[in-house]
Amino acid sequence: MATGAAPDLPFGAELVALTDALGSGAPSDPAAERQRLVDAAGPEAAERAIGVIATFQMMNRALDGVGAPVNPHLHPFAIELGFDPNHLPR
Amino acid sequence: MLVDAVLPPDPQRLAALTRAWDQLTAPGVELTATERHQVIKDARAAWAGASQPNPASGVAGEAAHWVAIDAEGLRAEVVADFEARGLDRWRYLEIVGIVSRLANVDFYVAGLGATMLALPAVDHTPPTGRRDPAAVISNMWVPTVGRSFAPHVLDALPAEGEALRDIHEPMYVNFGSIGDGHLVDVLTKSQIEFLASRSSYLNECFY
């Protein structure tokens, strides 16, 4: 399970909890974490968040599955985050 | 579809999900509907806890299994080994597309607390065979049209690329708004990008 502080965003703690519950491993019902976000931000926000999480489950697999390179225009951000995108294992 | 969801789907996302499921379970470019259904079964088996690929599905089953649960662990030599054992790059690309979009469908359905979608009857129409004639292997392990980046990585098989974008936009943001940091719908762009980056972090995806 990932660790770290919740982001300084509205409903940050609830967004982290839902992402980690739904997005770690296999698709499974994140009932408790979904309800926390519904209670905090409303059902529309929770549904929207689930859509974003689901689509990045797709994009992560598509990009890793084809051996996609990091787009050159994002290289400066990668360097800032501490890794060289030209030396990722692939 | 999703009639038992705890949280009701947005109508646009439900429509995109329905189109994605219809496309996933229909005959493809390289694969028959029977073969695509098997890819779906093998990916779901991996998610359900199968530690090894289904031996009855051969190399295609290995690809489906590892794309489902360990895409970040794939390497150029693994895909080359698949090819050496009979899974060519075009069929491999279609499997990546199927498992990826299936992930969008199944994670969304699970997230809403609904029952997983059941496979329909098999359509025995032959695969289309429609490849982009300009596609070659350049900056990836699979054929691409030019030096391709997301969300065009499947475009050597045009129907697969179009299907990816067709679900990607309603689930994430319209492509014209990706760079708009001030976008707000029911979430802010900062919240949306946090969800995206956290998901990628969990999957160890750097792209």
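Residues numbered from 1 in each chain as written. Chains lettered and ligands numbered in written order. Predicted model: local features only at pLDDT ≥ 70, side-chain atom pairs only at ≥ 80, totals over all residues. Heavy atoms only, no water.

## Brief notes about the overall build of chain A
Working step 1: On a plain count of helices and strands, chain A comes out with four helices and zero strands.
Working step 2: Order of helices (α) and strands (β) in chain A, N terminus to C terminus: α-α-α-α.
Working step 3: Its C-alpha atoms give chain A a radius of gyration of 16 Å, clearly above 12 Å, the size a compact globule of 90 residues would have.
Working step 4: When the backbone C-alpha atoms are referred to their principal axes, chain A occupies close to 45 × 25 × 25 Å.
Working step 5: Considering chain A as a whole, with its 90 residues, one finds that 52% of them fall into the buried category. (Helix = DSSP H or I, 4+ residues; strand = E, 2+ residues; numbered from the N terminus. Rg over C-alpha atoms; globule rule 2.2 N^0.38 Å. Buried < 20%, exposed > 50% of the residue type's maximum accessible area, 1.4 Å probe, protein only.)

## Here we look at the interface of chain B and chain A
Working step 1: Each partner contributes to the interface: chain B provides 61 residues, whereas chain A provides 55 residues.
Working step 2: At the boundary of chain B with chain A, total buried surface from both sides reaches about 5400 Å², with 69% on carbon and sulfur atoms.
Working step 3: Here chain B is connected to chain A by three salt bridges.
Working step 4: The closest approach of N and O atoms between Arg48 of chain A and Asp185 of chain B, which form a salt bridge, is 3.0 Å.
Working step 5: If you look at where chain B meets chain A, you find 19 residue pairs in polar contact (both at pLDDT 80 or more). (Contact = heavy atoms within 4.5 Å. Buried area = accessible area lost by both parts, 1.4 Å probe. Salt bridge = Lys/Arg side-chain N within 4 Å of Asp/Glu carboxyl O. Polar contact = N/O pair within 3.5 Å; in protein donor to acceptor, adjacent residues only side chain to side chain.)

## With respect to the nonpolar core
Residue and element names in this part refer to chain B.
Working step 1: Counting 80 residues, the largest nonpolar core has Leu2, Tyr92 and Val105 as its most contacted members.
Working step 2: Counting only domains with at least three residues in this core, you end up with domain 1 (11-171) and domain 2 (177-207).
Working step 3: If near-sequence neighbours (up to four positions away) are discounted, Val105 is found in contact with Leu17, Ala20, Trp21, Leu24, Leu117 and Ile167. (Core = buried A, V, L, I, M, F, W, Y, C linked by side-chain atoms within 4.5 Å. Domains from an automatic or database assignment.)

## Things to note about the packing of helix H2 (residues 33-47) of chain B against helix H3 (residues 58-70) of chain B
Residues and elements named next belong to chain B.
Working step 1: Where H2 meets H3, the closest approach of the two axes is 8 Å, and the angle between their N-to-C directions is 45 degrees. For the element pair H2 / H3, the angle class is oblique. For H2 against H3, the interelement crossing comes out right-handed. Where H2 approaches H3, its residues Val39, Asp42, Ala43, Ala46 and Trp47 are matched on the opposing element by Gly61, Ala64, His65, Ala68 and Ile69.
Working step 2: Here the contact of H2 with H3 is built from residues that sort into seven nonpolar, two polar and one charged. (Axes fitted to C-alpha atoms, helices over the stretch in contact; angles between N-to-C directions. Parallel < 35°, antiparallel > 145°, perpendicular 65-115°, else oblique. Left-handed = near helix turned anticlockwise from the far one by under 90°. Nonpolar A, V, L, I, M, F, W, Y, C, P; charged D, E, K, R; others polar.)

## Digging into unusual backbone geometry
Working step 1: Here the amide bond leading from Ala150 of chain B into Pro151 of chain B is cis, since omega sits at 0 degrees, within 30 degrees of zero.
Working step 2: One can find Pro151 of chain B in the loop between strand S2 (143-144) and helix H6 (158-171).
Working step 3: Phi at Phe11 of chain A takes a positive value of approximately 60 degrees, unusual for a residue other than glycine.
Working step 4: Within the secondary structure, Phe11 of chain A sits in the segment before helix H1 (12-23).

## Let's talk about H2 of chain B
Working step 1: Between its first and last C-alpha, H2 of chain B extends 21 Å over 15 residues, near the 21 Å set by a 1.5 Å rise per residue.
Working step 2: Of the positions making up H2 of chain B, those classed as buried are Ala33, Arg36, His37, Val39, Ile40, Asp42, Ala43, Ala46 and Trp47 of chain B.
Working step 3: Check the buried side of H2 of chain B and you find it contacts helix H3 (43-66) of chain A together with helix H1 (11-24), H3, helix H5 (89-111) and H6 of chain B.
Working step 4: At the C-terminal side of H2 of chain B, Gly49 of chain B shows a positive phi close to 120 degrees. (Expected span 1.5 Å × (residues − 1).)

## Description of the packing of H3 of chain A against H5 of chain B
Working step 1: Taken N-terminus to C-terminus, the directions of H3 of chain A and H5 of chain B make an angle of 160 degrees; their axes are 8 Å apart at the nearest point. Taken together, H3 of chain A and H5 of chain B sit at an angle that is classed as roughly antiparallel. Where H3 of chain A crosses over H5 of chain B, the two elements pack in a sense that is right-handed. Only Tyr92, Leu93, Val96, Ser100, Arg101, Ala103, Asn104, Phe107, Tyr108 and Gly111 of chain B of H5 of chain B make contact with H3 of chain A, whose side of the interface consists of Glu47, Ile50, Gly51, Ala54, Thr55, Gln57, Met58, Arg61, Ala62, Gly65 and Val66 of chain A.
Working step 2: A class-by-class count of the residues in the contact of H3 of chain A with H5 of chain B yields 11 nonpolar, seven polar and three charged.

## Points about the domain arrangement of chain B
Working step 1: Looking at the assigned domains, one finds that chain B contains domain 1 (11-171) and domain 2 (177-207).
Working step 2: Put simply, the middle of domain 1 of chain B and the middle of domain 2 of chain B, counted by C-alpha atoms, are 23 Å apart.

## Focus: the pattern of salt bridges
Working step 1: Under the defined criterion, the tally for this structure stands at 16 salt bridges over all chains.
Working step 2: Here Glu47 of chain A ties to Arg13 of chain B by a salt bridge, and the two come within 2.7 Å at their closest N and O atoms. Of this pair, Glu47 of chain A sits in helix H3 while Arg13 of chain B sits in helix H1, on two different chains. Of the two residues examined, Glu47 of chain A and Arg13 of chain B, each falls in the buried class.
Working step 3: With its nearest N and O atoms 3.1 Å apart, the salt bridge here joins Lys189 of chain B to Glu193 of chain B. On the criterion of helical spacing, the pair formed by Lys189 of chain B and Glu193 of chain B is a turn pair, its members being four residues apart in helix H7 (residues 189-202).
Working step 4: In this structure Glu193 of chain B comes out as partly exposed when scored by relative accessible area, which is 29%.
Working step 5: Each of Arg36, Glu94, Arg101 and Glu160 of chain B takes part in one network of salt bridges that share partners.

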